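# Chain and residue survey
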Amino acid sequence: MRISQNGLPASLMIGATLALLSGVTGCARDEAPVPETEVAAVAAVEPVLDGADQLTHGRYLVETVAGCGNCHTPHLPDGLLDPSKKFSGPFVIKEPVFEAHASNITPDVETGIGAWSKDDIVHAIRNGQRPDGTYLGPPMSFGWYRGMSDTDVQAIAAYIKSVPAVRNTVPKSTYQFPLTGYGPPVTHVPDMPKTDQVKYGEYLAGPIGHCMDCHTTYVAGRPDMKQLGRGGNVYTNVFNLGVTAVSANITSDTTAGLGSWTDDEIKRAITTGVSRNGRMLAKMMPFALYAKMEPSDLNAIVAYLRTLPPLSAATAPAAKP
Ligand code: HEC
Ligand code: HEC
(Lines give C-alpha, C1' and ligand atoms only; values in the text may rest on other atoms or scores of the structure.)
(Ligands and ions follow the chains in the order given, each with its own letter.)
Protein backbone atom coordinates (compact mmCIF):
# COMPACT_ATOMS: atom_id res chain seq x y z
CA MET A 1 0.00 0.00 0.00
CA ARG A 2 1.33 3.43 -0.85
CA ILE A 3 1.24 5.80 2.06
CA SER A 4 1.14 9.52 1.47
CA GLN A 5 3.28 12.13 3.17
CA ASN A 6 0.46 12.48 5.64
CA GLY A 7 0.91 8.86 6.62
CA LEU A 8 -2.17 7.79 4.74
CA PRO A 9 -2.74 5.64 1.71
CA ALA A 10 -2.37 7.90 -1.29
CA SER A 11 -5.48 6.38 -2.76
CA LEU A 12 -7.53 7.68 0.09
CA MET A 13 -6.45 11.23 -0.48
CA ILE A 14 -6.92 10.99 -4.17
CA GLY A 15 -10.12 9.02 -3.86
CA ALA A 16 -11.35 11.96 -1.90
CA THR A 17 -10.45 14.40 -4.60
CA LEU A 18 -12.17 12.17 -7.08
CA ALA A 19 -15.28 11.69 -5.10
CA LEU A 20 -15.78 15.40 -4.94
CA LEU A 21 -15.81 15.50 -8.68
CA SER A 22 -18.22 12.64 -8.97
CA GLY A 23 -20.95 14.92 -10.21
CA VAL A 24 -19.01 15.40 -13.40
CA THR A 25 -19.41 12.97 -16.28
CA GLY A 26 -17.79 9.53 -16.26
CA CYS A 27 -14.11 8.87 -16.56
CA ALA A 28 -13.18 5.65 -18.29
CA ARG A 29 -9.76 5.42 -19.94
CA ASP A 30 -11.12 4.02 -23.19
CA GLU A 31 -13.98 6.46 -23.48
CA ALA A 32 -14.58 7.88 -26.95
CA PRO A 33 -13.23 11.37 -27.69
CA VAL A 34 -15.39 14.07 -26.15
CA PRO A 35 -17.76 15.90 -28.45
CA GLU A 36 -16.40 19.32 -29.41
CA THR A 37 -19.47 20.97 -27.85
CA GLU A 38 -18.58 19.64 -24.42
CA VAL A 39 -15.01 20.83 -24.75
CA ALA A 40 -16.24 24.24 -25.83
CA ALA A 41 -18.59 24.44 -22.84
CA VAL A 42 -15.77 23.70 -20.42
CA ALA A 43 -13.43 26.12 -22.15
CA ALA A 44 -15.94 28.98 -22.26
CA VAL A 45 -15.74 29.75 -18.53
CA GLU A 46 -15.28 33.33 -17.39
CA PRO A 47 -11.72 33.97 -16.28
CA VAL A 48 -11.13 35.14 -12.72
CA LEU A 49 -8.90 38.19 -12.78
CA ASP A 50 -5.93 38.44 -10.44
CA GLY A 51 -4.97 41.73 -8.81
CA ALA A 52 -2.70 43.31 -6.23
CA ASP A 53 -5.55 43.94 -3.82
CA GLN A 54 -5.59 41.20 -1.15
CA LEU A 55 -9.19 40.11 -1.65
CA THR A 56 -8.89 40.08 -5.43
CA HIS A 57 -5.74 38.00 -5.20
CA GLY A 58 -7.25 35.60 -2.67
CA ARG A 59 -10.36 35.15 -4.75
CA TYR A 60 -8.23 34.47 -7.80
CA LEU A 61 -6.17 31.75 -6.13
CA VAL A 62 -9.11 30.05 -4.42
CA GLU A 63 -11.35 30.14 -7.49
CA THR A 64 -8.70 28.86 -9.91
CA VAL A 65 -5.49 26.95 -9.28
CA ALA A 66 -5.96 26.25 -5.54
CA GLY A 67 -9.54 25.11 -6.02
CA CYS A 68 -10.55 24.90 -2.34
CA GLY A 69 -14.22 24.80 -3.32
CA ASN A 70 -13.78 21.46 -4.98
CA CYS A 71 -13.85 19.91 -1.55
CA HIS A 72 -15.57 22.62 0.44
CA THR A 73 -18.53 23.40 -1.86
CA PRO A 74 -21.26 20.88 -2.70
CA HIS A 75 -21.47 19.87 -6.34
CA LEU A 76 -24.69 20.12 -8.33
CA PRO A 77 -25.80 17.09 -10.36
CA ASP A 78 -24.12 18.55 -13.46
CA GLY A 79 -20.82 18.74 -11.62
CA LEU A 80 -20.72 22.50 -11.15
CA LEU A 81 -20.28 23.96 -7.69
CA ASP A 82 -23.51 25.09 -5.99
CA PRO A 83 -23.20 28.90 -5.84
CA SER A 84 -25.72 29.17 -2.99
CA LYS A 85 -23.70 26.87 -0.75
CA LYS A 86 -20.20 28.06 -1.47
CA PHE A 87 -17.61 26.76 0.99
CA SER A 88 -20.25 25.46 3.41
CA GLY A 89 -19.30 21.80 3.07
CA PRO A 90 -20.05 19.01 3.36
CA PHE A 91 -18.02 16.76 1.18
CA VAL A 92 -17.91 13.33 2.77
CA ILE A 93 -15.25 10.73 2.12
CA LYS A 94 -15.84 7.35 3.70
CA GLU A 95 -12.87 5.02 3.82
CA PRO A 96 -12.12 2.03 6.02
CA VAL A 97 -9.83 4.12 8.21
CA PHE A 98 -11.61 7.44 8.18
CA GLU A 99 -14.73 9.35 7.46
CA ALA A 100 -13.78 12.89 6.50
CA HIS A 101 -16.23 15.75 6.21
CA ALA A 102 -14.94 18.87 4.50
CA SER A 103 -15.66 21.66 6.92
CA ASN A 104 -17.97 24.61 6.55
CA ILE A 105 -15.33 27.30 6.04
CA THR A 106 -17.77 30.20 5.59
CA PRO A 107 -17.83 32.93 8.26
CA ASP A 108 -20.95 31.53 9.97
CA VAL A 109 -20.02 31.75 13.65
CA GLU A 110 -21.86 28.67 14.85
CA THR A 111 -21.47 26.20 11.99
CA GLY A 112 -18.50 27.66 10.12
CA ILE A 113 -15.26 29.37 11.08
CA GLY A 114 -16.64 32.86 11.73
CA ALA A 115 -14.94 32.95 15.11
CA TRP A 116 -11.50 32.26 13.61
CA SER A 117 -9.07 35.09 12.92
CA LYS A 118 -7.29 35.39 9.62
CA ASP A 119 -4.14 34.10 11.29
CA ASP A 120 -6.06 31.08 12.59
CA ILE A 121 -7.08 30.24 9.02
CA VAL A 122 -3.52 30.74 7.74
CA HIS A 123 -2.22 28.39 10.44
CA ALA A 124 -4.88 25.78 9.62
CA ILE A 125 -4.01 25.80 5.91
CA ARG A 126 -0.23 25.63 6.31
CA ASN A 127 0.03 23.55 9.46
CA GLY A 128 -3.20 21.58 9.56
CA GLN A 129 -4.02 22.74 13.06
CA ARG A 130 -7.14 24.40 14.50
CA PRO A 131 -7.07 27.26 17.02
CA ASP A 132 -7.90 24.75 19.79
CA GLY A 133 -4.67 22.88 19.01
CA THR A 134 -6.28 19.81 17.45
CA TYR A 135 -4.95 18.67 14.08
CA LEU A 136 -6.85 18.38 10.83
CA GLY A 137 -6.81 15.16 8.86
CA PRO A 138 -6.63 14.35 5.16
CA PRO A 139 -7.39 14.79 2.34
CA MET A 140 -6.21 18.42 2.45
CA SER A 141 -2.64 18.51 1.05
CA PHE A 142 -0.92 20.07 4.04
CA GLY A 143 2.45 18.68 2.93
CA TRP A 144 2.37 21.00 -0.08
CA TYR A 145 0.35 23.84 1.46
CA ARG A 146 3.21 24.36 3.93
CA GLY A 147 5.05 26.09 1.08
CA MET A 148 2.41 28.78 0.45
CA SER A 149 3.87 32.27 0.75
CA ASP A 150 2.62 34.58 3.49
CA THR A 151 1.12 36.92 0.91
CA ASP A 152 -0.78 34.16 -0.85
CA VAL A 153 -2.02 32.26 2.19
CA GLN A 154 -3.08 35.51 3.86
CA ALA A 155 -4.96 36.51 0.70
CA ILE A 156 -6.67 33.13 0.63
CA ALA A 157 -7.65 33.51 4.30
CA ALA A 158 -8.93 37.05 3.69
CA TYR A 159 -11.07 35.87 0.80
CA ILE A 160 -12.45 32.93 2.80
CA LYS A 161 -13.43 35.39 5.53
CA SER A 162 -15.22 37.60 3.00
CA VAL A 163 -17.56 35.03 1.48
CA PRO A 164 -21.22 34.99 2.56
CA ALA A 165 -21.85 33.06 5.77
CA VAL A 166 -23.84 29.90 5.17
CA ARG A 167 -25.47 28.09 8.06
CA ASN A 168 -24.76 24.41 7.63
CA THR A 169 -23.73 22.00 10.34
CA VAL A 170 -21.07 19.58 9.15
CA PRO A 171 -20.48 16.45 11.23
CA LYS A 172 -17.05 15.88 12.77
CA SER A 173 -14.59 13.79 10.79
CA THR A 174 -13.39 10.58 12.36
CA TYR A 175 -9.90 9.16 11.75
CA GLN A 176 -8.89 5.78 13.08
CA PHE A 177 -5.27 6.84 13.51
CA PRO A 178 -3.70 9.61 15.51
CA LEU A 179 -3.40 13.05 13.89
CA THR A 180 -0.09 14.42 15.06
CA GLY A 181 0.65 17.30 12.75
CA TYR A 182 2.69 17.84 9.64
CA GLY A 183 6.14 18.90 10.78
CA PRO A 184 7.62 21.95 12.51
CA PRO A 185 5.07 24.79 12.38
CA VAL A 186 5.52 27.09 9.40
CA THR A 187 5.22 30.76 10.30
CA HIS A 188 6.91 32.57 7.42
CA VAL A 189 7.33 31.80 3.73
CA PRO A 190 8.71 34.56 1.48
CA ASP A 191 6.91 35.66 -1.67
CA MET A 192 7.57 33.80 -4.88
CA PRO A 193 8.40 36.43 -7.50
CA LYS A 194 6.86 36.00 -10.94
CA THR A 195 10.01 37.19 -12.65
CA ASP A 196 11.40 33.67 -12.89
CA GLN A 197 8.65 31.98 -14.89
CA VAL A 198 9.83 28.43 -14.27
CA LYS A 199 10.23 28.91 -10.52
CA TYR A 200 6.82 30.52 -10.33
CA GLY A 201 5.33 27.63 -12.29
CA GLU A 202 6.95 25.21 -9.86
CA TYR A 203 5.34 27.11 -6.99
CA LEU A 204 1.90 27.02 -8.63
CA ALA A 205 2.18 23.31 -9.43
CA GLY A 206 3.35 22.54 -5.89
CA PRO A 207 2.30 24.60 -2.88
CA ILE A 208 -0.64 26.37 -4.51
CA GLY A 209 -2.18 23.75 -6.79
CA HIS A 210 -0.57 20.52 -5.52
CA CYS A 211 -0.44 19.08 -9.06
CA MET A 212 2.78 17.35 -8.09
CA ASP A 213 1.16 15.44 -5.27
CA CYS A 214 -0.80 13.32 -7.73
CA HIS A 215 1.84 13.35 -10.46
CA THR A 216 4.89 12.25 -8.44
CA THR A 217 5.45 8.54 -7.99
CA TYR A 218 4.96 7.36 -4.46
CA VAL A 219 7.63 5.20 -2.86
CA ALA A 220 7.41 3.96 0.70
CA GLY A 221 4.45 6.14 1.35
CA ARG A 222 5.81 9.45 0.10
CA PRO A 223 6.11 11.24 -3.20
CA ASP A 224 9.63 10.24 -4.35
CA MET A 225 11.18 13.54 -5.41
CA LYS A 226 13.59 11.67 -7.69
CA GLN A 227 10.51 10.63 -9.66
CA LEU A 228 8.97 14.07 -9.80
CA GLY A 229 6.19 14.15 -12.38
CA ARG A 230 6.58 10.50 -13.32
CA GLY A 231 3.04 9.62 -12.24
CA GLY A 232 2.03 6.01 -12.30
CA ASN A 233 0.09 6.15 -9.08
CA VAL A 234 -2.84 3.82 -9.45
CA TYR A 235 -6.13 4.69 -7.86
CA THR A 236 -8.57 1.86 -7.83
CA ASN A 237 -12.32 2.01 -7.72
CA VAL A 238 -12.58 5.76 -7.80
CA PHE A 239 -16.04 7.02 -6.84
CA ASN A 240 -16.73 3.43 -5.88
CA LEU A 241 -17.73 3.05 -9.52
CA GLY A 242 -15.18 0.45 -10.45
CA VAL A 243 -13.06 2.93 -12.42
CA THR A 244 -9.27 2.83 -12.12
CA ALA A 245 -7.27 6.01 -12.78
CA VAL A 246 -3.50 6.26 -13.20
CA SER A 247 -1.76 9.60 -12.77
CA ALA A 248 -0.03 10.64 -15.98
CA ASN A 249 3.70 11.05 -16.57
CA ILE A 250 4.02 14.81 -17.07
CA THR A 251 7.82 14.95 -17.34
CA SER A 252 9.55 16.08 -20.53
CA ASP A 253 10.08 12.51 -21.71
CA THR A 254 9.14 12.39 -25.39
CA THR A 255 7.52 8.97 -25.19
CA ALA A 256 6.14 8.54 -21.70
CA GLY A 257 5.63 12.21 -20.86
CA LEU A 258 4.73 15.54 -22.46
CA GLY A 259 8.01 16.06 -24.31
CA SER A 260 6.49 15.86 -27.77
CA TRP A 261 3.27 17.73 -26.92
CA THR A 262 2.77 21.33 -27.99
CA ASP A 263 2.11 23.94 -25.32
CA ASP A 264 -1.49 24.20 -26.52
CA GLU A 265 -2.00 20.47 -26.16
CA ILE A 266 -0.76 20.59 -22.57
CA LYS A 267 -2.96 23.59 -21.81
CA ARG A 268 -5.98 21.92 -23.33
CA ALA A 269 -5.46 18.88 -21.09
CA ILE A 270 -5.17 21.04 -17.97
CA THR A 271 -8.10 23.31 -18.70
CA THR A 272 -10.55 21.01 -20.47
CA GLY A 273 -9.50 17.51 -19.46
CA VAL A 274 -8.93 16.40 -23.03
CA SER A 275 -5.73 14.48 -23.63
CA ARG A 276 -3.54 14.89 -26.70
CA ASN A 277 -5.34 12.11 -28.54
CA GLY A 278 -8.79 13.50 -27.75
CA ARG A 279 -9.51 11.14 -24.90
CA MET A 280 -11.44 12.61 -21.96
CA LEU A 281 -9.27 12.26 -18.87
CA ALA A 282 -10.49 10.81 -15.61
CA LYS A 283 -12.02 13.63 -13.61
CA MET A 284 -9.33 13.90 -10.97
CA MET A 285 -8.33 17.47 -11.67
CA PRO A 286 -10.72 20.43 -11.42
CA PHE A 287 -10.41 21.37 -15.11
CA ALA A 288 -13.19 23.96 -14.95
CA LEU A 289 -11.35 25.89 -12.25
CA TYR A 290 -7.96 25.56 -13.95
CA ALA A 291 -9.62 26.99 -17.05
CA LYS A 292 -10.10 30.30 -15.20
CA MET A 293 -6.38 30.79 -14.58
CA GLU A 294 -4.62 33.83 -15.95
CA PRO A 295 -2.80 32.85 -19.17
CA SER A 296 0.50 33.91 -17.60
CA ASP A 297 0.02 31.43 -14.75
CA LEU A 298 -0.92 28.62 -17.11
CA ASN A 299 2.15 29.49 -19.19
CA ALA A 300 4.30 29.36 -16.06
CA ILE A 301 3.01 25.91 -15.16
CA VAL A 302 3.69 24.65 -18.68
CA ALA A 303 7.15 26.23 -18.66
CA TYR A 304 7.87 24.43 -15.38
CA LEU A 305 6.59 21.08 -16.65
CA ARG A 306 8.97 21.45 -19.60
CA THR A 307 11.90 21.49 -17.16
CA LEU A 308 11.03 18.24 -15.43
CA PRO A 309 13.84 15.80 -16.27
CA PRO A 310 12.59 13.11 -18.65
CA LEU A 311 11.63 9.90 -16.92
CA SER A 312 10.44 6.74 -18.59
CA ALA A 313 7.02 5.37 -17.81
CA ALA A 314 6.64 4.41 -14.19
CA THR A 315 6.59 0.72 -13.59
CA ALA A 316 3.12 -0.13 -12.45
CA PRO A 317 3.11 0.00 -8.69
CA ALA A 318 2.93 -3.57 -7.49
CA ALA A 319 1.08 -2.77 -4.34
CA LYS A 320 -2.44 -1.61 -4.82
CA PRO A 321 -4.17 -0.09 -1.86
C1 HEC B 1 -9.09 17.42 -1.21
C2 HEC B 1 -10.09 18.08 -0.41
C3 HEC B 1 -9.77 19.43 0.21
C4 HEC B 1 -9.19 20.53 -0.41
C5 HEC B 1 -8.69 20.66 -1.86
C6 HEC B 1 -9.18 21.56 0.59
N7 HEC B 1 -9.70 21.12 1.77
FE8 HEC B 1 -9.90 22.19 3.50
N9 HEC B 1 -10.56 20.53 4.47
C10 HEC B 1 -10.87 19.32 3.88
C11 HEC B 1 -11.37 18.42 4.90
C12 HEC B 1 -11.84 16.98 4.68
C13 HEC B 1 -11.34 19.12 6.13
C14 HEC B 1 -11.73 18.59 7.51
C15 HEC B 1 -10.57 17.85 8.13
C16 HEC B 1 -10.89 17.29 9.50
O17 HEC B 1 -12.07 17.21 9.85
O18 HEC B 1 -9.94 16.95 10.22
C19 HEC B 1 -10.83 20.45 5.81
C20 HEC B 1 -10.65 21.45 6.75
C21 HEC B 1 -10.35 22.77 6.46
C22 HEC B 1 -10.28 23.84 7.44
C23 HEC B 1 -10.52 23.69 8.95
C24 HEC B 1 -11.97 24.02 9.28
C25 HEC B 1 -12.42 23.56 10.64
O26 HEC B 1 -13.55 23.92 11.00
O27 HEC B 1 -11.72 22.81 11.32
C28 HEC B 1 -9.97 24.98 6.75
C29 HEC B 1 -9.79 26.38 7.33
C30 HEC B 1 -9.85 24.62 5.36
N31 HEC B 1 -10.07 23.28 5.21
C32 HEC B 1 -9.56 25.51 4.34
C33 HEC B 1 -9.22 25.12 3.03
C34 HEC B 1 -8.69 26.03 2.03
C35 HEC B 1 -8.54 27.52 2.21
C36 HEC B 1 -8.42 25.27 0.92
C37 HEC B 1 -7.77 25.71 -0.38
C38 HEC B 1 -6.46 26.29 -0.27
C39 HEC B 1 -8.79 23.90 1.24
N40 HEC B 1 -9.27 23.86 2.52
C41 HEC B 1 -8.67 22.83 0.35
C42 HEC B 1 -10.70 19.01 2.54
C43 HEC B 1 -10.08 19.83 1.58
C1 HEC C 1 -6.03 14.81 -7.67
C2 HEC C 1 -4.93 14.39 -8.51
C3 HEC C 1 -4.44 15.32 -9.58
C4 HEC C 1 -4.15 16.66 -9.48
C5 HEC C 1 -4.29 17.59 -8.28
C6 HEC C 1 -3.67 17.05 -10.77
N7 HEC C 1 -3.66 15.99 -11.62
FE8 HEC C 1 -3.11 16.01 -13.58
N9 HEC C 1 -3.85 14.15 -13.83
C10 HEC C 1 -4.25 13.31 -12.82
C11 HEC C 1 -4.59 12.01 -13.39
C12 HEC C 1 -5.06 10.79 -12.63
C13 HEC C 1 -4.41 12.11 -14.78
C14 HEC C 1 -4.65 11.04 -15.83
C15 HEC C 1 -6.12 10.85 -16.06
C16 HEC C 1 -6.40 9.85 -17.14
O17 HEC C 1 -5.45 9.32 -17.74
O18 HEC C 1 -7.59 9.61 -17.41
C19 HEC C 1 -3.93 13.47 -15.03
C20 HEC C 1 -3.61 13.97 -16.27
C21 HEC C 1 -2.91 15.15 -16.50
C22 HEC C 1 -2.44 15.59 -17.78
C23 HEC C 1 -2.67 14.88 -19.12
C24 HEC C 1 -1.55 13.93 -19.41
C25 HEC C 1 -1.88 12.91 -20.45
O26 HEC C 1 -0.99 12.09 -20.77
O27 HEC C 1 -3.02 12.86 -20.95
C28 HEC C 1 -1.75 16.75 -17.58
C29 HEC C 1 -1.04 17.59 -18.62
C30 HEC C 1 -1.84 17.05 -16.16
N31 HEC C 1 -2.56 16.06 -15.54
C32 HEC C 1 -1.28 18.15 -15.54
C33 HEC C 1 -1.66 18.59 -14.26
C34 HEC C 1 -1.39 19.90 -13.74
C35 HEC C 1 -0.57 20.97 -14.43
C36 HEC C 1 -1.99 19.97 -12.51
C37 HEC C 1 -2.07 21.13 -11.56
C38 HEC C 1 -2.50 22.41 -12.09
C39 HEC C 1 -2.59 18.67 -12.24
N40 HEC C 1 -2.37 17.88 -13.34
C41 HEC C 1 -3.25 18.33 -11.07
C42 HEC C 1 -4.33 13.63 -11.48
C43 HEC C 1 -4.15 14.91 -10.95
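Cut-off values and rules
Residues numbered from 1 in each chain as written. Chains lettered and ligands numbered in written order. Predicted model: local features only at pLDDT ≥ 70, side-chain atom pairs only at ≥ 80, totals over all residues. Helix = DSSP H or I, 4+ residues; strand = E, 2+ residues; numbered from the N terminus. Buried ≥ 20, exposed ≤ 12 C-beta atoms within 10 Å, placed from the backbone. Contact = placed C-beta atoms within 7 Å. pLDDT = per-residue confidence, 0-100. Axes fitted to C-alpha atoms, helices over the stretch in contact; angles between N-to-C directions. Parallel < 35°, antiparallel > 145°, perpendicular 65-115°, else oblique. Nonpolar A, V, L, I, M, F, W, Y, C, P; charged D, E, K, R; others polar. Core = buried A, V, L, I, M, F, W, Y, C linked by C-beta atoms within 7 Å. Near = placed C-beta within 6 Å.

Time to look at the overall build of the protein. What the protein contains, in helices and strands, is twelve helices and seven strands. Burial analysis of the protein (321 residues in total) assigns 45% to the buried set. Across the protein, every contact between residues at least 6 apart in sequence was considered, and the portion connecting residues at least 24 apart equals 66%.

Of the residues in the protein, 80% have a pLDDT of 70 or more, and the chain-wide mean is 83. Considering only residues more than four positions removed or in separate chains, one finds that residues 1-32, a stretch of pLDDT under 50, has 81 contacts.

Contact geometry for helix 8 (residues 197-208) and helix 12 (residues 295-307): axes closest at 7 Å, N-to-C directions at 95°. Put simply, helix 8 runs roughly perpendicular to helix 12. Two secondary-structure elements touch here, helix 8 through Q197, V198, Y200, G201, E202, L204 and A205 and helix 12 through D297, A300, I301, A303, Y304 and T307. Tallied by class, the residues present in the contact of helix 8 with helix 12 amount to eight nonpolar, three polar and two charged.

Looking now at the nonpolar core. Among the nonpolar cores identified, the biggest contains 61 residues, and L61, I121, I125, I156, L204, Y290 and I301 are the most heavily contacted of them. Other than its neighbours up to four places away in sequence, L61 contacts A66, D152, A155, I156 and I208.

Looking now at helix 8. Within helix 8, nine of the twelve residues are buried, which leaves the element mostly enclosed by the surrounding structure. The set of residues buried in helix 8 consists of Y200, G201, E202, Y203, L204, A205, G206, P207 and I208. Those residues of helix 8 hidden inside the fold are in contact with helix 3 (54-63), helix 6 (142-145), helix 7 (150-162), helix 9 (211-215) and helix 12. In the segment just after helix 8, H210 is the residue with positive phi, at about 40°.

Turning our attention to the site of ligand 2. Contacts to ligand 2 come from 24 residues, most closely from C211, C214, A248, S275 and A282. Looking at the shell around ligand 2, the elements with two or more residues in it are helix 1 (10-19), helix 9 and helix 10 (263-272).

Non-glycine residue F87 carries a positive phi angle of around 65°. With respect to the helices and strands, F87 occurs in the loop between helix 4 (69-72) and strand 1 (92-95). Residues other than glycine seldom take positive phi values, yet H210 does so here, at roughly 40°. By secondary structure assignment, the location of H210 is in the loop between helix 8 and helix 9.

For the rest of this paragraph, the subject is the site of ligand 1. The environment of ligand 1 is formed by 23 residues, the closest being C68, C71, S103, G137 and S173. Where the shell around ligand 1 is concerned, the elements lending two or more residues are helix 1, helix 4, helix 5 (118-127) and helix 7. Here the shell around ligand 1 is composed, by residue class, of 16 nonpolar, six polar and one charged.

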